[in-house]
Amino acid sequence: MKIAVIGSTMMDIVSYMDRMPEGGETRRVEGFHIASGGKGANQAIAAAKLGADVVMMTAVGDDMFGEQSRKNFQNHHIDMSLVKTAKDTSNGIATIVVERSGQNRILINPGANEKLTPADIEKAGAELAACGLFVLQLEVPLETVYAAIRFAKKHGIKVLLNPAPASRELSLDMACQCDFFVPNETELSILVNKPVNTVAQVQEAAKSLVAQGLTNVIVTMGSRGSLLVTAEETQLVPSLKVDAVDSTGAGDAFIGCFVDTYARTQDVLGSMQRASQYAALSVTRKGTQNSYADAREFAAFLDA
């Protein structure tokens, strides 16, 4: 099953520090790096590292970060035929601050990501119709996300929607057309305006979405694992206990591994279990895409 990841590409500018500064305070960082990122690109890279057949549909800038993003896709053997360069536009940028605890805070400048349009979906019809699964996020215009969902439903293609960053403007009718809806607990809380301090509260919030028509709601909860909620069942998949260094991109690692496994097995719970293990490994390393293991490294981690 070929996977089309339709979404964002960013360049991550990452600083590491003991704690966030207070208002008006200046603090020295303990480390710094620049790396390829963006939720769409992260998910595509994670899946490709594990061996998935991935085509990336995105818009990059016509600057040095855009060129670096293209090289990154090429280096990971991702089909780049649907990567668009937006003229006179900077690449998307994410400014990330990571505390010693592993907690992170992120600011986004979308840049070229705003130039990915519904017309691009229509133009790429033949290539997209050959895919069996679409993976979507919300770092590109909502109209483009909706166009991709409509295209998928017309052509019998399964859709996973990661509603990140969370937006209350997201159409529930469009979300209900997706086969998998995968928020983290914070995004879930924003979308349903309910507390998610406990697993029971996460379950209640997810059930409220299922009651409104969503099919498979999968909530990623960090160290608490992941939760599958459908009209028929609720299943908690525990996470591996690890020493977290950097949680940036862990949700994208989960989704990349989930779609790689599901594309081969069509086993939802088995895909969640493997994805939880893969995400746990990612948080033991610094960075986003740099923290994602390839198939050999992941197998060694599971065998250890």
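Check the entry above for the structure.
Residues numbered from 1 in each chain as written. Predicted model: local features only at pLDDT ≥ 70, side-chain atom pairs only at ≥ 80, totals over all residues. Heavy atoms only, no water.

1. Considering the sheet that holds strand E8 (residues 133-136)
The condition that has to hold: Criterion used throughout: strands pair if DSSP finds at least two bridges between them. Secondary structure elements are taken from DSSP: a helix is a run of H or I of four residues or more, a strand is a run of E of two residues or more, and numbering for both begins at the N terminus.
Strand order in this open sheet of 9 strands is E5-E4-E1-E8-E9-E10-E11-E12-E13, and the pairing throughout is mixed. One side of each edge strand has no neighbouring strand; the edge strands of this open sheet are strand E5 (79-86) and strand E13 (234-237). Here strand E9 (residues 158-161) pairs with strand E10 (residues 180-181) via 2 bridges, running parallel. Paired with leucine 160 across the bridge in E10 is phenylalanine 180.

2. Here we look at the sheet that holds strand E6 (residues 92-99)
Our working definition: In this description, a line fitted to the C-alpha atoms serves as the axis of each element, helices being fitted only across the stretch in contact, and the angle between N-to-C directions of two axes falls anywhere from 0 to 180 degrees.
Sheet architecture is open: 4 strands sit in the order E3-E2-E6-E7, paired in mixed fashion. In this open sheet, the two edge strands, each paired with only one partner strand, are strand E3 (31-37) and strand E7 (104-109). Shown here is a sheet whose adjacent strand axes are inclined to one another by a mean of 20 degrees, direction ignored. With 7 bridges connecting them, strand E2 (residues 10-17) and E3 associate as antiparallel partners. Following the sheet pairing, methionine 11 is matched in E3 by serine 36.

3. Let's talk about the pairing of E2
So the rule is basically this: Buried means the residue's accessible area, taken with a 1.4 Å probe over protein chains only, is under 20% of the maximum for its type, while exposed means over 50%, and partly exposed covers the values in between.
With 7 of its 8 residues buried, E2 lies for the most part within the structure. Here E2 pairs with E6 via 8 bridges, running parallel. Within the sheet, the bridge partner assigned to valine 14 lies in E6 and is isoleucine 96.

4. Topic: the packing of aromatic side chains
Rules: Two rings belonging to Phe, Tyr or Trp (six-membered ring only in the last case) form a pair when the distance between their centres is within 6.5 Å. Interplanar angles under 30 degrees mark stacking, angles over 60 mark edge-to-face geometry, and anything in between is tilted. Whether a charge lies above a ring is judged from NZ of Lys or CZ of Arg, which has to be within 6 Å of the ring centre and within 35 degrees of the ring normal.
By the definition in use, this model includes 7 aromatic pairs. Note on phenylalanine 134 and phenylalanine 151: the rings are 6.1 Å apart at their centroids and 15 degrees apart in plane angle, and the pair reads as stacked. Of this pair, phenylalanine 134 sits in strand E8 while phenylalanine 151 sits in helix H5 (residues 142-154), and the two are 17 residues apart along the sequence. By the burial criterion, phenylalanine 134 is buried, and phenylalanine 151 matches it. Ring centres of tyrosine 278 and phenylalanine 298 lie 5.0 Å apart, and the angle between their planes is 80 degrees; on these two criteria the pair is classed as edge-to-face. In this pair, tyrosine 278 sits in helix H10 (residues 268-282) while phenylalanine 298 sits in helix H11 (residues 295-303), placing the two residues 20 residues apart along the sequence. Of the two residues, tyrosine 278 and phenylalanine 298, both sit in the buried class. One aromatic cluster is present, formed by Phe180, Phe254, Phe258 and Tyr262 through successive ring pairs. One Lys or Arg, lysine 286, reaches over the ring of tyrosine 16 and ends 4.6 Å from the middle of that ring.

5. So, the pattern of salt bridges
Heads up, the condition is: We define a salt bridge as a contact between a side-chain nitrogen of Lys or Arg and a carboxyl oxygen of Asp or Glu at a distance within 4 Å.
Counted according to the given criterion, the structure contains 12 salt bridges. Salt-bridge contacts for glutamate 185 lead to arginine 224; the nearest nitrogen and oxygen are separated by 3.3 Å. One end of the pair, glutamate 185, is in helix H7 (residues 185-192); the other, arginine 224, is in the loop between strand E11 (216-220) and strand E12 (226-229), and 39 residues separate them in sequence. Judged by relative accessible area, which is 26%, arginine 224 ranks as partly exposed. For arginine 264, the salt bridge identified is with aspartate 260, shortest N-O distance 3.1 Å. Here aspartate 260 and arginine 264 lie together in helix H9 (residues 250-265), a separation of 4 residues that amounts to about one turn. Aspartate 260 gets classed as buried once you look at its relative accessible area, which sits at 2%. The network of salt bridges with common partners includes Asp18, Arg19, Glu25 and Arg27.

6. A closer look at helix H1 (residues 39-49)
The element H1 is extensively covered by neighbouring structure, given that 9 of its 11 residues are classed as buried. Here H1 has its buried residues at Gly40, Ala41, Asn42, Gln43, Ala44, Ile45, Ala46, Ala47 and Ala48. Positive backbone phi, at 110 degrees, marks glycine 51, one or two positions downstream of H1.

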